[in-house]
Amino acid sequence: MSLRIDQDHSRFRNIVRGKIRQNLRRYISHGELIGRKGKDVVSVPIPQIDIPRFRFADRQQGGVGQGDGDIGDPVGGQEGDRSGPGRAGKDPGEHILEVDVTLDELAQILGEELELPDIEDKGKSKIASTKDRYTGIRRVGPESLRHFKRTYREALKRMIASGTFSPERPVVVPIPDDKRYRSWKTDVEPVANAVIIYMMDVSGSMGDEQKEIVRIESFWIDTWLKSQYKGLESRYIIHDAVAREVDRDTFFYTRESGGTMISSAYKLCLKIIEENYPADEWNIYPFHFSDGDNWSMDDTLTCVELLKQKILPKVNMFGYGQVESPYGSGQFIKDLRELFSKEEKLVTSEIRDKDAIVTSIKEFLGKGK
Amino acid sequence: MSDAALKTHLPSYLREWQNRIEEVARGHGLDFFPVVFEILTYDQMNEIAAYGGFPNRYPHWRFGMEYEQLSKSYEYGLSKIYEMVINSNPSYAYLLEGNSVTEQKLVMAHVIAHVDFFKNNFAFRATDLDASGRVDPVRKIENYDPNRKWIDKMANHGQRVRRIIERHGIQKVEEFIDECLSLENLIDPHLPFAGPHVAEVEDEHAAIEVPRLRSKDYMDPFINPEDYLEEQRRKIEEARERQKRFPERPERDVLLFLLNHAPLERWERDILEIIRTEAYYFLPQMQTKIMNEGWASYWHSKIMTEGVLDASEIIDYADRNAGVLATSGGRLNPYKLGVELFRHIEERWDKGQFGREWEECDSLEMKRHWDMRLGLGRKKIFEVRALYNDVTFIDEFLTPEFCHEHKLFSFGWSNRNERYEIESREFKQVKDKLLFQLTNAGNPFIYVEDANFENRGELLLRHEHQGIDLRADWARETLRALVRIWKRPVSVQTIFDGKGTMLRYDGREHTSRLFKTS
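Residues numbered from 1 in each chain as written. Chains lettered and ligands numbered in written order. Predicted model: local features only at pLDDT ≥ 70, side-chain atom pairs only at ≥ 80, totals over all residues.

Draft legend 1. Spotlight on the overall build of chain A. The helix and strand tally for chain A stands at 10 helices and 13 strands. Across the 369 residues that make up chain A, the buried fraction comes to 34%. Here the contacts in chain A between residues at least 6 apart in sequence split such that 75% fall between residues at least 24 apart. (Helix = DSSP H or I, 4+ residues; strand = E, 2+ residues; numbered from the N terminus. Buried ≥ 20, exposed ≤ 12 C-beta atoms within 10 Å, placed from the backbone. Contact = placed C-beta atoms within 7 Å.)

Draft legend 2. Representation of the sheet that holds strand E6 (residues 445–453) of chain B within the structure. Residue and element names in this part refer to chain B. Across the sheet, five strands lie side by side as E6-E7-E8-E9-E10; this open sheet has mixed pairing. Since the sheet does not close on itself, it has two edges, and those belong to E6 and strand E10 (510–514), each with one partner. Put simply, the sheet's adjacent strands are angled 25° from each other on average, direction ignored. Here E6 runs beside strand E7 (residues 458–464); their pairing, made up of six bridges, is antiparallel. Considered in E7, the bridge of Asp450 is made with Leu460. (Pairing = 2+ DSSP bridges. Axes fitted to C-alpha atoms, helices over the stretch in contact; angles between N-to-C directions.)

Draft legend 3. Representation of the domain arrangement of chain B in the model. Residues and elements named next belong to chain B. Parsing chain B into structural domains produces domain 1 (1–130 + 142–188 + 269–325), domain 2 (328–436) and domain 3 (444–514). In this assembly, four residues from domain 1 lie in contact with six residues from domain 3. Classifying every residue of the side of domain 1 that touches domain 3 by side-chain character gives two nonpolar, one polar and one charged. (Domains from an automatic or database assignment. Nonpolar A, V, L, I, M, F, W, Y, C, P; charged D, E, K, R; others polar.)

Draft legend 4. Highlighting the sheet that holds strand E10 (residues 243–246) of chain A. Residues and elements named next belong to chain A. Strand order in this open sheet of six strands is E10-E9-E8-E11-E12-E13, and the pairing throughout is mixed. Lying at the two open borders of the sheet, with one neighbouring strand each, are E10 and strand E13 (346–351). For this sheet, the mean inter-axis angle between neighbouring strands, taken without regard to orientation, is 20°. Note that strand E8 (residues 194–201) and strand E11 (residues 283–290) share seven bridges and pair parallel. By the bridge assignment, Tyr198 is partnered in E11 with Phe287. Against the sheet, helix H5 (residues 208–228) contacts E8, strand E9 (232–239), E11, strand E12 (318–323) and E13, and its axis sits at roughly 175° relative to E8. On top of the sheet, helix H9 (residues 331–339) reaches E11, E12 and E13; it is set at about 150° to E13, its chief contact.

Draft legend 5. Layout of the interface of chain A and chain B. Opposite the 55 residues of chain A that make contact, chain B presents 70 residues. Elements that contribute at least two residues to the side of chain A that touches chain B include exactly helix H1 (5–16), strand E3 (48–49), helix H2 (58–61), strand E4 (63–66), strand E5 (98–102) and helix H4 (148–162) of chain A. The element that contributes the greatest number of residues to the side of chain A that touches chain B is H1(A), accounting for seven residues. When the residues that make up the side of chain A that touches chain B are grouped by side-chain class, the tally is 24 nonpolar, 17 polar and 14 charged. One ladder, built from four bridges, connects E4(A) with strand E4 (residues 408–414) of chain B; its direction is antiparallel. Paired with Gly65(A) across the strands is Phe409(B), a residue of E4(B).

Draft legend 6. Local environment of helix H22 (residues 472–486) of chain B. All names here are of chain B. Over its 15 residues, H22 extends 21 Å from the first C-alpha to the last, a length consistent with the 21 Å expected when each residue adds 1.5 Å. Where H22 is buried, its residues meet helix H7 (170–182), helix H11 (254–261), E7, strand E8 (490–496) and strand E9 (499–505). Immediately downstream of H22, the backbone of Lys487 shows phi near 70°, a positive value. (Expected span 1.5 Å × (residues − 1).)

Draft legend 7. Spatial organisation of the packing of helix H6 (residues 150–168) of chain B against helix H12 (residues 266–287) of chain B. Residue and element names in this part refer to chain B. Where H6 meets H12, the axes come as close as 11 Å, and the angle between the chain directions of the two elements is 155°. Here H6 lies roughly antiparallel to H12, going by the angle between them. Considering the relative orientation of H6 and H12, their crossing is left-handed. Together, Trp150, His157, Arg160, Val161, Ile164 and His168 of H6 and Trp267, Asp270, Ile271, Ile274, Glu278 and Tyr281 of H12 make up the contact between the two elements. For the contact of H6 with H12, the residue count by class is seven nonpolar, two polar and three charged. (Parallel < 35°, antiparallel > 145°, perpendicular 65-115°, else oblique. Left-handed = near helix turned anticlockwise from the far one by under 90°.)

Draft legend 8. Representation of the nonpolar core in the model. Within the largest apolar cluster, 74 residues are counted, with the highest numbers of intra-cluster contacts made by Ala109(B), Ile112(B), Ala113(B), Trp295(B) and Trp299(B). Here this core takes 10 residues from helix H5 (residues 101–120) of chain B, the largest share from any one element. Counting only domains with at least three residues in this core, you end up with domain 1 (1–130 + 142–188 + 269–325) and domain 2 (328–436) of chain B. Ignoring sequence-local partners within four residues, the contact set of Ala113(B) consists of Leu30(B), Trp295(B), Ala296(B), Trp299(B) and His300(B). Within the second largest apolar cluster, 52 residues are counted, among which are Val214(A), Ile221(A), Met317(A) and Phe318(A). (Core = buried A, V, L, I, M, F, W, Y, C linked by C-beta atoms within 7 Å.)

Draft legend 9. Up close: the pairing of E9(B). Residues and elements named next belong to chain B. The sheet contact formed by E8 and E9 spans seven bridges and is antiparallel. Following the sheet pairing, Gln493 is matched in E9 by Met502. Counting the residues that bridge the hairpin from E8 to E9 gives two residues, and of these Asp497 lies at a positive phi of roughly 50°. One ladder, built from five bridges, connects E9 with E10; its direction is antiparallel. Bridging from a neighbouring strand, Arg504 pairs with Thr511 of E10.

Draft legend 10. Spotlight on the environment of Ser10(A). Within the secondary structure, Ser10(A) sits in helix H1. In this structure the C-alpha to C-alpha distance between Ser10(A) and Thr254(A), which are 244 residues apart in sequence, comes to 43 Å.

Draft legend 11. Inspection of the confidence of the model for chain B at higher detail. Residues and elements named next belong to chain B. Looking at chain B, pLDDT values average 87 and 94% of them are 70 or higher. Segment residues 1–5 is flagged for pLDDT under 50; beyond a separation of four residues in sequence, or across chains, it makes five contacts in the model. Interface scoring of the predicted complex returns ipTM 0.82; its pTM is 0.72. (pLDDT = per-residue confidence, 0-100.)

Okay, here's the thing in structure tokens:
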């Protein structure tokens, strides 16, 4: 049955997507694309449009809460969560609503939102291993897996129902029927057969904001590819005039200064591929982020040679993302586009600011490679 | 309502439970409208909840937004709506398909108490559709059976808006609705009970003393001839007329004022009227959130534990009940606050802990063991549920002991640490803050001050500043909406950072200037 709400809902979606009513777009509360990131959970703000009204300035108002704590202690509820506790009335437009989702779900949402096609597997060999996960409750099982709380609850229920429970002497004795056990499911997990090689320019002209963009972008690429390949490895290369391989944290938080020789990174990338990831067994995804300011045209030509002869034949796709910085000339992307206009495996994308990340992800991943 | 099409009627075993619960409720003295329960699947539930409980509203994107948030929260397992009940006669309430019988019983008991509250609390009399003129909030009415067919009324609004959309196009109409919604909170909660304005008996028609030119008696008819005097009188009258402010008194129902005086097209007036009517409909619920939920929680636990639950259900019931009343992360839960206050009142009146003697008693020891065995508690809470709203409820019945026992605190934003911090546990501070939050349903007081500001037909509003500034960017956006309705520049007088400020929007640009506050 189609719901009456569908109309209103699709209208809302269209406003959020900017298809209609552009004047409302400035009221949309954007959180950051990713909020906090626990082990396997991220929180995604649901877009919300606030209708402006005469209202009180939030921070001056404060409110009343209930619970423990001394004067000066912080009140529960994080930054950005501005609905004061206990605010009476259900008033839309108070705070950014966040939901926690697992990475799998997130990738699914991402895929739906951006209409990303599933990646066509190149049919490369896959090795699978199995893993057990505890997912449910059963009435039978080994004692070592007994679920104490559930068992206790069942026993308590039974005793109250049969009238043998006395609050004065609250002793609960489970009988075999009360017992509950954890049960598990066996999942097949393929061994990694895809690798992402991230390369980033860390020369002086890349500022914190540019890195933030790269961080967010790479998070989404990771998330998407993880949902497509059950196992995924990531490698990280930073470069200025020379390139080196680093771990994830260093990748995002290093800041160097100096010139830029992009070819150094491509050489290292090629070396990694050749040594570890034979092209007929692996799906390979190099991504390179830079502000597009290369040292010289000569070096650019070296890069082009490397790409054309060595790298592109081995990889599924090569992504080049160019972030805008006040210092860079942004020439590199123009060169690439000019020289590789027919090459489908090379995808280029310009990322002006944080809002452009979404479009850029679509450019990178929208081809189903 | 298309309940037949939705197959939402109650199965017979729940129907039996409804009868049983209503019987128990009546036995306790609850007095409610007939309640129609319907069973919905979760997406029907989310849809109806998004529409504020009504199966049929006018089309608007914000309902779609609500729906998205509700259904995403449900899908991600964050929250689900157990129940929903709407203030109407008969009342409609919705149960979620797939809940356990224990849960359904709990919800039904909760709902019945809500409906009792709708019927008996004075604030809700403002939603009687057959009330004419001034609504008397306290008069007892025999066999009270008001017309509150709000389902029909809202559906009718939906039809009207749909017809307007057909004629003028969704874009145009929706934009206008958005503008009206920007002003939705500018209504006067006291208006339904105020009755018609009693014109102040000012000496409007008092004889106008026309100043005469000085003259000797015998010369007077020549120096001040009759037609000269007449002309002077007319001039003075005109000047007086001009001086008369419009509106004469500051007008708090900004929507009504615009409805009566803004240059609107007919369809625009129609929409503004719909928005205003619905704003008044939802107002009592905002004014009595704590009481209403408290009352319903009080009764669901009474009804459930005294005759409706069987022993095997106690654990599940207690689990759900604890969930409803839980407080976590320092949040104030209106259910919890309300039910505890009602119980507190009941205990005080049972033990006679009120009145002069009690208040003048200084001995803590005596107060602790104070029990006059009056047994007036039940009677008192019924009286409270009829005659109070959240503001008066908290004002009168929140005691320092209660505040302490329930660990209430007030919090505020700390600029230094960039976070909200606990400010105080002092009774006075906590109570003040709570009352401020509840007053005018948390909205600033805004009045129409002058509709011919500076004699240019501009609209002047005044924000009655009570210590907290307006949110400046939103205030500017709201002015924008006002200008589109008023069609002339609009200003609002307020205070920012202790300085009197006049914000003005003339249709092209925003300006602000300082002015002296008296």
